[in-house]
Amino acid sequence: MARTIKIPGMVDPHVHLRGMEWDYKADFASETAAALAGGYWAIFDMPNTPPTTTDQTALDRKLTAMGRDAVCDWGIYFGASQADNTAVYAAIFNAVCGLKIYNNQTTGDLLIEDQVLRDRIYAAWPPPRVIAVHAEGQTVADILALVREYRTWTHFCHISTAEEIDLLRTAKADGLPVSVGVTPHHLFLTKMDVNCLGALGRMKPELKTQADQDALWAGIADGIVDVVESDHAPHTLAEKESDKPPFGVPGLETTLPLMCTALRDGRITETQLVDLLALNAQKIFKLTPGADTYTLVDIDAAYDIKRDNLRTKCGWSPFEGMRVVGAVREVWIRGTQVFDGENVLVASGFGQNLFGEQA
Ligand code: NCD
Ligand code: ZN
Ligand code: ZN
């Protein structure tokens, strides 16, 4: 008989759903359906897609569009901007899951390299909402200096190197309020894979060495890593095959099976799987889903990842051809079955904002 695991309220706190001006890449309807197919209850959308979520108008537009289109529950990050938008934080923080600061170059134009501006941002952002950061290498230390000063909960997105893991291990030992996310692509691919994958293996942070990947798994083993987040960042195949391919890969539908495969291979325990994909993110973002919000995944079902079986609008995967275990059989949200293993069972707009008035 197939073994099924029940996971309470899976959360992916790091996705780029695109939509609006980038809805040719992906949109809120297609990508929230992909989230359900990936087993997720809730996903939190990043602010770097035009129009960037850096002012009240853009936030309202995204809140309205997500409210209309989403089939899973959701949150939206506000984005810190070079133009210093700290004055609006007080008005918007309640409606968002947190603030995102881009501290190194990546997709979009929200890069902030000025430590003085970063300091102003930390001073202005009101706890208890979290700050999520894109920080690589030495920039992790720069951000940790601000966490030490302001003590605002800071989630370090897509950590990818042994050096960064060491910095965060020390920060945690010092009692700083930090959490650590790693992605499936950094856990299952290395820079060697770029030879085969080409642009489909290019994202920020870039794929790293085997030693770096080993440090991420060691960080999972000793609890330094809190969350496995997809960093779902769809771009069209045509864009990826162009002369100047953008950075980013999709991941909403492949994260759970990859982690189920790690479970089968003895790399993680069932408790760690549930913590990494659900419970730790719930704690970081202070969410308490009811017992009627859960996912059933058949951990014996084996299959090859194929682009034709994915719902993400971009229609490709860096993991194509990998043999995995873990098939999502049922997803339930607030007592309603929303996915049966093949079909989305609810209409657009079923999904709720988990933050602000509607929460
Ligand atoms: C992300 C995107 O395309 O929006 N790209 C990526 O390579 N991860 C941005 C980001 O997460 O840095
Ligand atoms: Zn990033
Ligand atoms: Zn990202």
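Reading guide: rules and limits
Residues numbered from 1 in each chain as written. Chains lettered and ligands numbered in written order. Predicted model: local features only at pLDDT ≥ 70, side-chain atom pairs only at ≥ 80, totals over all residues. Heavy atoms only, no water. Donors = N, O, S within 2.8 Å, 3.2 Å for Na, K, Ca; no water. Tetrahedral: all angles 85-135°; square planar, octahedral: opposite > 155°, others 65-115°. Helix = DSSP H or I, 4+ residues; strand = E, 2+ residues; numbered from the N terminus. Buried < 20%, exposed > 50% of the residue type's maximum accessible area, 1.4 Å probe, protein only. Axes fitted to C-alpha atoms, helices over the stretch in contact; angles between N-to-C directions. Parallel < 35°, antiparallel > 145°, perpendicular 65-115°, else oblique. Left-handed = near helix turned anticlockwise from the far one by under 90°. Contact = heavy atoms within 4.5 Å. Pairing = 2+ DSSP bridges. Expected span 1.5 Å × (residues − 1). Polar contact = N/O pair within 3.5 Å; in protein donor to acceptor, adjacent residues only side chain to side chain. 1 Å grid on protein atoms, 1.4 Å probe; cavity = no way out; pocket = protein on both sides within 12 Å on 5 of 7 lines; lining within 4 Å. Points joined across faces, edges and corners; volume = space filled by probe spheres on them. Nonpolar A, V, L, I, M, F, W, Y, C, P; charged D, E, K, R; others polar. Phe/Tyr/Trp six-rings, centres within 6.5 Å; stacked < 30°, edge-to-face > 60°. Lys NZ or Arg CZ within 6 Å of the ring centre and 35° of its normal.

1. Quick notes on the coordination of the zinc ion (ligand 2)
As a benchmark, a tetrahedral metal site with four donors has ideal angles of 109.5 degrees, while an octahedral site with six donors has ideal angles of 90 or 180 degrees. Looking at the zinc ion (ligand 2), the protein donor atoms are His 134 (ND1) and His 158 (NE2), and they sit 2.0 to 2.1 Å from it. Geometry at the zinc ion (ligand 2) is irregular, judged from the four donor atoms that bind it and their angles of 53 to 147° at the metal. Metal-to-metal, the separation of the zinc ion (ligand 2) and the zinc ion (ligand 3) is 3.7 Å. In this pair, His 134 sits in strand S6 (residues 130-134) while His 158 sits in the loop between strand S7 (154-156) and helix H6 (162-173), placing the two residues 24 residues apart along the sequence. The class of His 134 is buried, set by a relative accessible area of 1%.

2. Observations regarding the packing of helix H5 (residues 138-150) against H6
For any two helices packed against each other, the geometry is given by the interaxial angle and the distance between the axes. For the pair H5 and H6, interaxial distance at closest approach is 9 Å and the crossing angle is 20°. When the axis of H5 is compared with that of H6, the two are roughly parallel. You can see that H5 and H6 cross each other, and the crossing is right-handed. Residues Gln 138, Val 140, Ala 141 and Leu 144 of H5 lie in contact with H6, whose contacting residues are Glu 163, Glu 164, Leu 167, Leu 168 and Ala 171.

3. With respect to the sheet that holds strand S3 (residues 42-45)
Pairing is parallel across the open sheet formed by eight strands, whose spatial order is S2-S3-S4-S5-S6-S7-S8-S9. Unpaired on one side and paired on the other, strand S2 (11-15) and strand S9 (227-228) mark the two borders of the sheet.

4. Quick word on helix H2 (residues 56-69)
An ideal rise of 1.5 Å per residue puts 20 Å on 14 residues; H2 measures up with 20 Å between its terminal C-alpha atoms. For H2, every residue scored as buried is listed here: Ala 58, Leu 59, Lys 62, Leu 63, Ala 65, Met 66 and Asp 69. On its buried side, H2 packs onto helix H1 (28-37), S3, strand S4 (73-79) and helix H3 (89-92). Regarding H2, its N-cap is Asp 55, as a side-chain oxygen of that residue lies 3.2 Å from the backbone nitrogen of Thr 57 further along.

5. Considerations on empty space enclosed by the protein
Applying the stated criterion across every chain, the model contains four cavities of 30 Å³ or more. Approximately 130 Å³ is the volume found for the largest cavity. Along its surface, the largest cavity is lined by 19 residues, and His 16, Thr 106, Lys 204, Asp 231 and Ala 233 are the ones closest to its centre. Residues of the lining of the largest cavity, tallied by class, amount to five nonpolar, 10 polar and four charged. Contributing to the lining of the second largest cavity are His 232, Pro 250, Gly 251, Leu 252, Glu 253, Thr 254, Leu 310, Thr 312, Trp 316 and Ser 317. Broken down by class, the residue content of the lining of the second largest cavity amounts to four nonpolar, five polar and one charged.

6. A look at the packing of aromatic side chains
According to the stated counting rule, one finds eight aromatic pairs in the structure shown. Taking the centre distance of 4.8 Å and the plane angle of 65° together, the rings of Phe 44 and Phe 285 count as edge-to-face. Of the two residues, Phe 44 sits in strand S3 while Phe 285 sits in the loop between helix H12 (270-284) and strand S10 (294-304), which places them 241 residues apart along the sequence. The pair Phe 44 / Phe 285 is uniform in exposure class, with both members buried. An aromatic cluster is defined as three or more aromatic residues linked by ring pairs; in this entry it consists of Phe 44, Tyr 77, Phe 285 and Phe 355. Here the guanidinium or amino end of Lys 6 rests over the ring plane of Tyr 294, the centre of that ring lying 4.2 Å away. The aromatic ring of Phe 350 is capped on one face by Arg 334, whose charged end is 4.6 Å from the ring centroid.

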